[in-house]
Amino acid sequence: RARASGMPAARGRAPAATTLPVACGYERYGGDAGGVVYHEAADHALQCAFAPCHCPGHGCSMWASPPALLDHIAAAHSWPVTEVSYGTPFRIAVPPPWRGGGTHLLVERNDPRLFLVTLSEFGEATAVTVVCVREGTAAAAPRFRSTVWAEVASNTEKNLFRRLSTVPSSSSGN
């Protein structure tokens, strides 16, 4: 039967239905097994840290969650991995690309996200890039910032370069 107000008959129950948990779409990759609240599911899917993504290794077709990619990258690509804490400065030695270096992974102990530090030749200089390895709509995902200091070991004047920037995503949505 039709209702004059245009509201569904279960109007009084709608708020309760929106608080029901639904499965995280990435549960098989390590996402929240307890589910997420129904009305937050769409936002969660856009920013879930367990959303599978492509391996950043050149020509590699591996597709997995960031924690699984960590194991794959360390084993298959032999890239060094450093565990870091957000907000705490740390040092890593990344050999220049012309000496066989250039790629390094950063992970935070309590966060499944991966960060890739890459050095590339840029004329006579070296370009340093930091990206968050993730897939999906990066605009909805958490934002990170990095500060990069670069020291030249052979420089006796101790020249230092410092750059603060937003960390882009490896997904096409940046």
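Preceding this paragraph is the structure being described.
Before going into details, it helps to say that this report is about the structure given with it. All values reported here derive from a predicted model rather than from experimental measurement.

Looking now at the overall build of the protein. Within the protein, the regular secondary structure consists of 3 helices and 10 strands. Its helices and strands taken in sequence order, the protein reads α-β-β-α-β-β-α-β-β-β-β-β-β from the N to the C terminus. Put simply, the protein has 174 residues, and 28% of those count as buried. Residue pairs at least 24 apart in sequence account for 35% of intrachain contacts in the protein once pairs closer than 6 positions are excluded.

A word on helix 3 (residues 66-77). For helix 3, the full list of buried residues reads Pro-66, Leu-69, His-72 and Ile-73. Taken down its axis, helix 3 places every buried residue within 110° of arc, on the same side. Summarising the geometry of helix 3, the exposed residues directed more than 90 degrees from the buried face are Asp-71 and Ala-75. Contact partners of the buried residues in helix 3: strand 3 (53-54), strand 4 (63-64), strand 6 (103-108), strand 7 (111-122) and strand 8 (125-133). Phi turns positive, to about 55°, at Ser-78, one or two residues after helix 3.

Taken as a whole and assessed by the stated rule, the structure comprises 2 salt bridges. Arg-109 is the partner of Glu-83 in a salt bridge, and the nearest nitrogen-oxygen pair spans 3.3 Å. Within this pair, whereas Glu-83 is found in strand 5 (residues 81-84), its partner Arg-109 is found in the loop between strand 6 and strand 7, the two being separated by 26 residues in sequence. By relative accessible area, which is 48% here, Glu-83 ends up partly exposed.

Here we take up the side chain of Glu-108. Relative to the assigned elements, Glu-108 resides in strand 6. No salt bridge forms around the buried Glu-108; measuring N to O, its nearest opposite-charge neighbour Arg-109 is 6.1 Å away. Only 2.7 Å separates the side chain of Glu-108 from the backbone nitrogen of Asn-110, close enough to count as a polar contact.

The rules behind each value
Residues numbered from 1 in each chain as written. Predicted model: local features only at pLDDT ≥ 70, side-chain atom pairs only at ≥ 80, totals over all residues. Heavy atoms only, no water. Helix = DSSP H or I, 4+ residues; strand = E, 2+ residues; numbered from the N terminus. Buried < 20%, exposed > 50% of the residue type's maximum accessible area, 1.4 Å probe, protein only. Contact = heavy atoms within 4.5 Å. Arc of directions from axis to C-beta. Salt bridge = Lys/Arg side-chain N within 4 Å of Asp/Glu carboxyl O. Lys, Arg positive; Asp, Glu negative; His and termini not counted. Polar contact = N/O pair within 3.5 Å; in protein donor to acceptor, adjacent residues only side chain to side chain.

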